[in-house]
Structures are given as C-alpha cells and as structure tokens.
Amino acid sequence: MSAEKPLFPFVTVDVALFTIEEQRLKVLLVKREEAPYAGCWALPGGALKPHLDGTLLDAVHRVMERKLSASLPWVEEVCTFNGANRDPRGWSLSVLHMALFPMDRIQAVAGLRVSEVKWADAELSLEALAFDHRRVLERAVQHLRNSVERGALPLQMLPQKFTLTQLQKTCEIVLGKSLDKSAFRRRLKELHAGDIEEIEGEFERGVQRPAQLWKAVKAMLIK
DNA sequence: CCTATTTAAACCAAAGTGGT
DNA sequence: ACCACTTTGGTTTAAATAGG
C-alpha cells in the first residue's frame, strides 16, 4: 500500500490512429518502455501537461509528434474512460481520440526503433494490451464503424487522389462487409455531392477501363 | 519461302449506369 | 438490395504486310 494517494485524478489522452494496409484496418500501437506494463503494447498516449498543452487536442498532437513524421490529418474525440483502478498509478481519466491516417503514407511512421511502433490489425489482434486498452480500442473501432455506417466517408485514410471504387473498398474494410456499388454511388450523390469532386482529366489506368480520380473538397470530412 | 513488324480484330476486367 | 447491362481501354491473338 502506498503512503498517500493523489488528491486529483491524472488526465491522459489516448489515440487510436487508424489506417488501411493490405486490405485491413490497422491501428498504431507502441511498446511501453516504462512501468506499469513495461514491454506491453498499448495505444499511444500520454499525460496532459498543463504547462505545454493549451487543450487536450494539443496534448494529442504533442504525443503523436514523436511517433509520426507527419501531422495528423484528422482527429476526433470519442469518449472518456475513468476510474480508480484502471491504472495502477491511481485515479485516472483518459480521453480517447480517434485519428485517421492516409494509407499511402504509412511509412511516415517514424519507427525510431521498429520494435517500438507497429501497425497492428485493429480487429484480429487478440494479444493483450496494456491497461484497459483492449476495451478502449474496441470502442474506437466501434466509433469509426458507426460513423461510416451512418454515411461518413473516411477520406482521411485515402490518398489525395482516389477512385470511387477505392473509397467504397475502404468503407467496406472499415465496416467488415461488402457494399453494393450502385447504392453506394447513389448515396454519394445524395449525401456528399459537395464533399468530393472529380479531378478533371485525371484517371487511374490499369488493365481495365480507366477510373475517374476524385479528391476531397475540404481538408476535413467525416460527417 | 521464312521471319519480322505493323494492323486489326477479338477478348477481358473493371468502371460506370440503370432497372426491378 | 440485387443484378445485369453498357462502356472503356488495355491485352492478347491473329491476320496482313513487308523485307530479305
């Protein structure tokens, strides 16, 4: 038993950073170097430092700067996890954030040492994570899935230029089920007419009919 | 003739559309 | 929601042509 318990909870941010790699939804994990849970994989995160961070979002960006050589295109607050027992160090309040990262830039993860950072399968990795991160991650996946289910487009996971088939495939991977092409495109027209636009004269060429390339109109997009 | 090169038609995979 | 159709351009195959 420790001598004295802190009077206040400590506040942390946790980040579930998603991307698509090899047709699967991946999440960024880091290996903890210090106790508690030294050597365990965990979602990247860190304590809020009031003298450095004006807001929680500042803390998110500060924490992630060390892992990425690129800035996060998009971050969303998901929910909080709190309690006296979820962290052995004491009463903690952590704010889960979900972030998306472009699939064509996953090498921008600055794996200082490769053993420190990895893209793990967001759904299948049954390995134990530090703290209650298994549950936290599940919550993040569920949040992303719900958004896409409601019609949001995870454009931040796509390259700058993408085809509609790519976009649909990305949604399918997130949702874990296949979608109907016709219905998908109809919905795009109805819900996202102004959100994405064709890049005139630019096509993805392959062995098949060239596919129109599109781009996101705004930097940020999920609805 | 036989072979190399050009031209063309047939084929295929995926894009994109429309009907029920 | 489901499926079939049309469109498109690359790929493959085959035929036509030329050069020796």
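Residues numbered from 1 in each chain as written. Chains lettered and ligands numbered in written order. Predicted model: local features only at pLDDT ≥ 70, side-chain atom pairs only at ≥ 80, totals over all residues. Heavy atoms only, no water.

Some remarks on the protein's contact with DNA strand B
All residues adjacent to DNA strand B are Thr165, Lys181, Ser182, Arg185, Gln208, Arg209, Pro210, Ala211 and Gln212. Contact between DNA strand B and threonine 165: a phosphate oxygen at 3.2 Å from a side-chain N or O atom of the residue. Lysine 181 has a polar side-chain atom sitting 2.5 Å from a base nitrogen of DNA strand B. Per element, the largest residue contribution to the surface near DNA strand B is three residues, and it comes from helix α4 (residues 181-191). Partitioning the surface near DNA strand B into residue classes produces two nonpolar, four polar and three charged. (Near = heavy atom within 4 Å. Polar contact = N/O pair within 3.5 Å; in protein donor to acceptor, adjacent residues only side chain to side chain. Helix = DSSP H or I, 4+ residues; strand = E, 2+ residues; numbered from the N terminus. Nonpolar A, V, L, I, M, F, W, Y, C, P; charged D, E, K, R; others polar.)

Some details on the protein's contact with DNA strand C
In the neighbourhood of DNA strand C, the contacting residues comprise Asp180, Ser182, Arg186, Arg205, Gly206, Val207, Arg209 and Pro210. A breakdown of the atoms of DNA strand C within 4 Å of the protein gives sugar and phosphate a share of 57%. A distance of 3.3 Å is found between a phosphate oxygen of DNA strand C and a side-chain nitrogen or oxygen belonging to arginine 205. Here a base oxygen of DNA strand C and a side-chain polar atom of arginine 209 are 2.9 Å apart. Class assignment for the residues of the surface near DNA strand C results in two nonpolar, two polar and four charged.

Brief notes about the domain arrangement of chain A
Along its sequence, chain A is carved into domain 1 (10-149) and domain 2 (155-216). The interface of domain 1 with domain 2 comprises 18 residues on the first partner and twelve residues on the second. Interface area lost by domain 1 to domain 2 is led by Met103, Val148 and Glu149, which between them contribute 33%. Between lysine 177 and glutamate 149 there is a salt bridge whose closest N-O contact spans 3.4 Å. Put simply, domain 1 and domain 2 have three residue pairs in polar contact (both at pLDDT 80 or more) between them. Elements supplying a minimum of two residues to the side of domain 1 that touches domain 2: β1 (10-21), β2 (24-31) and α2 (133-149). A per-element tally of the side of domain 1 that touches domain 2 places α2 first, with four residues. When the residues that make up the side of domain 1 that touches domain 2 are grouped by side-chain class, the tally is eleven nonpolar, two polar and five charged. (Domains from an automatic or database assignment. Contact = heavy atoms within 4.5 Å. Buried area = accessible area lost by both parts, 1.4 Å probe. Salt bridge = Lys/Arg side-chain N within 4 Å of Asp/Glu carboxyl O.)

Quick notes on the layout of surface pockets
Its boundaries defined by the atoms lining it, the largest pocket holds a volume of some 740 Å³. Lining the largest pocket we find 27 residues, and of these Val30, Arg32, Gly45, Gly46 and Arg66 sit closest to its centre. The set of elements that each furnish at least two residues to the lining of the largest pocket consists of β1, β2, β4 (45-47) and β6 (92-100). Classifying every residue of the lining of the largest pocket gives nine nonpolar, six polar and twelve charged. (1 Å grid on protein atoms, 1.4 Å probe; cavity = no way out; pocket = protein on both sides within 12 Å on 5 of 7 lines; lining within 4 Å. Points joined across faces, edges and corners; volume = space filled by probe spheres on them.)

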